Structure formats: C-alpha cells, structure tokens
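A structural walkthrough
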Amino acid sequence: MTIQDLRAARYCLAGVRPWFRRHGLDWQDFLAHGIEADRLRTTGDALVEPVITIAEQREACDGR
C-alpha cells in the first residue's frame with residue numbers, strides 16, 4: 001500500500017499521520033517504501049480494509 005492508495009480512499013492525511021503514530025508505524029518509512037497489507041491488518045483496525053482493497057485493485061491492474 002502507498003500514499004496514493006490512501007488518497008484514492010479519500011482518507012484525510014492529517015488524520016492518518018497520528019493513526020500511524022498510535023499504531024507504532026513509521027510514517028516516513030511508509031512514504032518512502034509503502035507498507036504491506038498484512039502489517040496494517042495486525043493493527044486490528046477495520047479502517048485499513050478499504051485502503052487495502054484499493055491497493056489490491058491497483059496492483060491487479062498494474063499486473064496486466
């Protein structure tokens with residue numbers, strides 16, 4: 001998942017940064033490298049699922 005996926009999900013980036021901090025995730029590393037869906041799922045937060053779906057759809061399209 002990348003920042004583009006968050007934007008496509010229309011998530012507020014001002015709210016996402018503190019969310020990353022609360023869950024012990026490195027925002028700067030995410031910006032530089034993205035993050036694996038499984039890592040996000042370990043947070044137990046259902047809000048990650050729409051973004052993961054968007055990322056999976058993007059990856060499926062990119063693979064064509």
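Structural data are supplied above this passage.
For the structure given in this document, a descriptive report is provided here.

Criteria and cut-off values
Residues numbered from 1 in each chain as written. Predicted model: local features only at pLDDT ≥ 70, side-chain atom pairs only at ≥ 80, totals over all residues. Heavy atoms only, no water. Helix = DSSP H or I, 4+ residues; strand = E, 2+ residues; numbered from the N terminus. Rg over C-alpha atoms; globule rule 2.2 N^0.38 Å. Buried < 20%, exposed > 50% of the residue type's maximum accessible area, 1.4 Å probe, protein only. Contact = heavy atoms within 4.5 Å. Areas by Shrake-Rupley, 256 points an atom, 1.4 Å probe, with all protein chains shown as cover. Lys, Arg positive; Asp, Glu negative; His and termini not counted. Charge placed at Lys NZ, Arg CZ, Asp CG, Glu CD. Phe/Tyr/Trp six-rings, centres within 6.5 Å; stacked < 30°, edge-to-face > 60°. Core = buried A, V, L, I, M, F, W, Y, C linked by side-chain atoms within 4.5 Å.

Turning our attention to the overall build of the protein chain. Looking only at helices and strands, one finds 5 helices and 0 strands in the protein chain. For 64 residues, the compact-globule formula gives about 11 Å, and the C-alpha radius of gyration of the protein chain, at 11 Å, lands near that figure. A principal-axis box enclosing the C-alpha atoms of the protein chain has dimensions of 35 × 20 × 20 Å. Within the span of the protein chain, comprising 64 residues, buried residues form 31% of the whole. For the protein chain, the share of sequence-separated contacts (at least 6 apart) that also reach a separation of at least 24 residues comes to 48%. About 4,400 Å² of surface is accessible on the protein chain, with carbon and sulfur atoms providing 51% of the total. With 9 positive and 10 negative side-chain charges, the protein chain shows a separation of 8 Å between the mean positions of the two kinds.

Bringing the packing of aromatic side chains into the picture now. In total, this model carries 4 aromatic pairs according to the counting rule given. Residues Phe20 and Trp27 carry aromatic rings whose centres are separated by 5.1 Å and whose planes lie at 85 degrees to one another, so their mutual orientation is edge-to-face. A relative accessible area of 2% places Phe20 in the buried class. On the numbers, 5.5 Å between centres and 40 degrees between planes, the contact of Trp27 with Phe30 is tilted. You can see Trp27 and its partner Phe30 sitting in helix H3 (residues 27-33), 3 residues apart, about one turn around the helix.

Turning to the nonpolar core, a few remarks are in order. In this structure, Met1, Leu6, Phe20, Trp27, Phe30 and Leu40 are the most contacted members of the largest nonpolar core, which totals 16 residues. When contributions to this core are tallied by element, the ones reaching two or more residues are helix H1 (3-8), helix H2 (13-22), H3 and helix H5 (48-62). Residue contacts for Phe30: discarding those within four places in its chain leaves Met1, Thr2, Ile3, Leu6, Phe20 and Ile35.

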